[in-house]
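Chain residues, written in single-letter form:
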Amino acid sequence: MAVCIAVIAKENYPLYIRSIPTENELKFHYTVHTSLDVVDEKISAMGKALVDQRELYLGLLYPTEDYKVYGYVTNSKVKFVMVVDSSNTALRDNEIRSMFRKLHNSYTDVMCNPFYNPGDCIHSRAFDNMVTSMMMQVC
């Protein structure tokens with residue numbers, strides 16, 4: 001199950017972080033921020049191939065004992081990070097990829113809102129409901 005979903009701005013500050021077990025929220029903030037180094041490494045390693053290939057999904061960033069961390073980057077360099085419970089072996093790579101696509105579509109809807117200032121934290125109820133349903137759906 002997905003235990004944490006984060007949206008990170010181009011300048012590497014969080015726009016949105018949601019975790020299910022709220023007692024470990026600080027641990028997930030740390031996990032998300034440490035994964036940004038791996039995201040930057042993968043983006044720089046892909047270099048121009050990322051633009052040519054249009055592959056936004058970065059795949060598994062790194063596994064820990066309890067969790068697996070996946071990444072996705074948009075064309076505007078906004079990063080999505082998803083922390084998944086590693087005990088869930090039924091969750092396949094294509095399912096993670098479709099969850100990121102759904103998250104990207106919902107983020108695009110937030111950006112299209114004329115009352116949203118780009119760069120501000122995301123306080124959209126629709127976006128929050130979509131993330132919550134996505135986290136519960138995988139359980």
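Residues numbered from 1 in each chain as written. Predicted model: local features only at pLDDT ≥ 70, side-chain atom pairs only at ≥ 80, totals over all residues. Heavy atoms only, no water.

Take the environment of Leu26 next. Here Leu26 is to be found in helix α1 (residues 25-46). With 57 residues separating them along the chain, Leu26 and Val83 place their C-alpha atoms 13 Å apart. (Helix = DSSP H or I, 4+ residues; strand = E, 2+ residues; numbered from the N terminus.)

Bringing the sheet that holds strand β5 (residues 79-85) into the picture now. With antiparallel pairing, five strands are arranged side by side in an open sheet as β2-β1-β5-β4-β3. This sheet does not close on itself; its edge strands, each paired only once, are β2 (14-19) and β3 (57-63). Ignoring which end each strand starts from, the neighbouring axes of this sheet average 15 degrees apart. Relative to strand β4 (residues 67-73), β3 runs antiparallel, the two being bridged by five bridges. Of the residues in β4, the one forming a bridge with Gly59 is Gly71. Contacts between α1 and the sheet are confined to β1 (2-8), β2, β3, β4 and β5, with β3 contributing the most and set at about 125 degrees to the helix. Against the sheet, helix α3 (residues 93-111) touches β1, β2, β3, β4 and β5, its axis set at about 140 degrees to β5. (Pairing = 2+ DSSP bridges. Axes fitted to C-alpha atoms, helices over the stretch in contact; angles between N-to-C directions. Contact = heavy atoms within 4.5 Å.)

It is worth spelling out the environment of Phe127 at this point. Counting through the fold element by element, Phe127 comes out in helix α4 (residues 125-138). The buried category is assigned to Phe127, whose relative accessible area is 1%. Through-space distance from the C-alpha of Phe127 to that of Tyr107 is 7.2 Å; in sequence the pair is 20 residues apart. With residues near it in sequence (within four places) discarded, Phe127 still touches Val7, Tyr16, Leu103, Ser106, Tyr107, Val110 and Ile122. (Buried < 20%, exposed > 50% of the residue type's maximum accessible area, 1.4 Å probe, protein only.)

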